[in-house]
Amino acid sequence: KQLVRLAKAAGMKSIIITAKHYEGFAMCDSKVSDFTISKATPFKRDPMKELADACAAEGIRFGFYYSQNQDWTEPYGGQYKGERPEGYTPKDFDIYFKEKVVPQVTELLENYGDIAIIWFDTPGNMDAKYSAQLVELVTKLQPDCLINSRIGGGYGDYVSLGDMHIPPVRPDVGVWETVDTTNDSWSYAWYDQNWKSPKTICKRLVQVVARGGSYMLNVGPKGDGSIPEKAIETLTASGDWIEAHAEAVYGTEASPFDQGFSWGDLTTKGNVVYLHVFEWPVGGTLRLSDLGANVTSASVLNDSGKVG
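Because the structure is predicted, anything quoted here is derived from the model rather than measured.

On to unusual backbone geometry. Even without glycine at this site, T122 takes up a positive phi of about 45°. With respect to the helices and strands, T122 occurs in the loop between β3 (117-120) and α4 (128-141). You can call T122 partly exposed: its relative accessible area is 23%. Positive phi, normally seen in glycine, also occurs at D290, with a value near 65°. Relative to the elements of secondary structure, D290 occurs in the segment after β9 (272-277).

What follows is the structure, given as structure tokens:
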């Protein structure tokens, strides 16, 4: 409940949680493997179920991250870190895929209510036939669920750009997202104190929306599941700014210009253009030309909602 409430306070509309990452550990009560939070740790509950329920109660869309190719602890999985079984060939990936990936993804799609997004990662050289099977499975069990492009094989409902990539020019890829993180790490790292400021987070959000994309921001919880205090502070402050300027963020379209300006960027809604001024030009005069229309009025949306 605390996680969901923090996400809402930060202005987020969806939560995607890691169900299985590269090391193969399942954060859910999976019947497929003993390498799970409910079987291999003292924590015997299913936090994925609890989070799914909390999201449903608060109106937050819920989804899963799943590493479909890499699995460092499965002898037939991609990038296995141990010694392969005698007689192993790359074709034995089929065993891992059929015996772990398909049944675990099926559990995720069947046991947690409505799934808005399933976020696959690092397909590597995985054969496209496996990606196709996962698409078919998701479509069958959760027809409204979105799939990102990192499923591989040329599949996906939208494109996930490279990690932390804020495109300076609008990418010609259709529907897309940028995946960013609150500091420089994806998981919790005690030594990483290079936290993005609320101003930086809001600026990067605007830059992505202005290019026509969606912004997914990662948070790495501590081992006890709590969010680092600095992340809470920056996310809450970012959410305050977003709430004060929601009209210029939610439901907006991309800028009419392919790239931003030295002073900031634009979002649009109908015949309204929102100017997000990151830094006022020297001299205090902001110039904007080539809109292709006459400006009939101008006003400050919310001068009190400044962010540090």
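Read across the sheet, four strands follow the order β1-β2-β3-β4 without closing on themselves; strand pairing throughout is parallel. Two strands close off the open sheet at either side, each with one partner strand: β1 (14-20) and β4 (146-147). Bridge count between β1 and strand β2 (residues 61-66): six bridges; the pairing is parallel. What sits directly across from S14, in β2, is R61.

The parallel open sheet is built from three strands, whose spatial order is β5-β6-β7. Each end of this open sheet is capped by a strand with a single partner; those strands are β5 (159-160) and β7 (214-218). In this sheet, β7 lies alongside strand β6 (residues 176-181) in parallel orientation, the contact comprising five bridges. Bridging across to β7, T181 finds its partner in N218. In the packing of helix α5 (residues 198-210) onto the sheet, the strands contacted are β6 and β7, and the crossing angle to β7 comes to about 150°.

In this section: the state of the cysteines. Considering all chains together, one arrives at zero disulfides under this definition. Looking at the unpaired C55, the closest cysteine sulfur is the one in C145, lying at 14 Å.

About the thresholds
- Residues numbered from 1 in each chain as written.
- Predicted model: local features only at pLDDT ≥ 70, side-chain atom pairs only at ≥ 80, totals over all residues.
- Heavy atoms only, no water.
- Helix = DSSP H or I, 4+ residues; strand = E, 2+ residues; numbered from the N terminus.
- Buried < 20%, exposed > 50% of the residue type's maximum accessible area, 1.4 Å probe, protein only.
- Pairing = 2+ DSSP bridges.
- Contact = heavy atoms within 4.5 Å.
- Axes fitted to C-alpha atoms, helices over the stretch in contact; angles between N-to-C directions.
- Disulfide = S-S within 2.5 Å.

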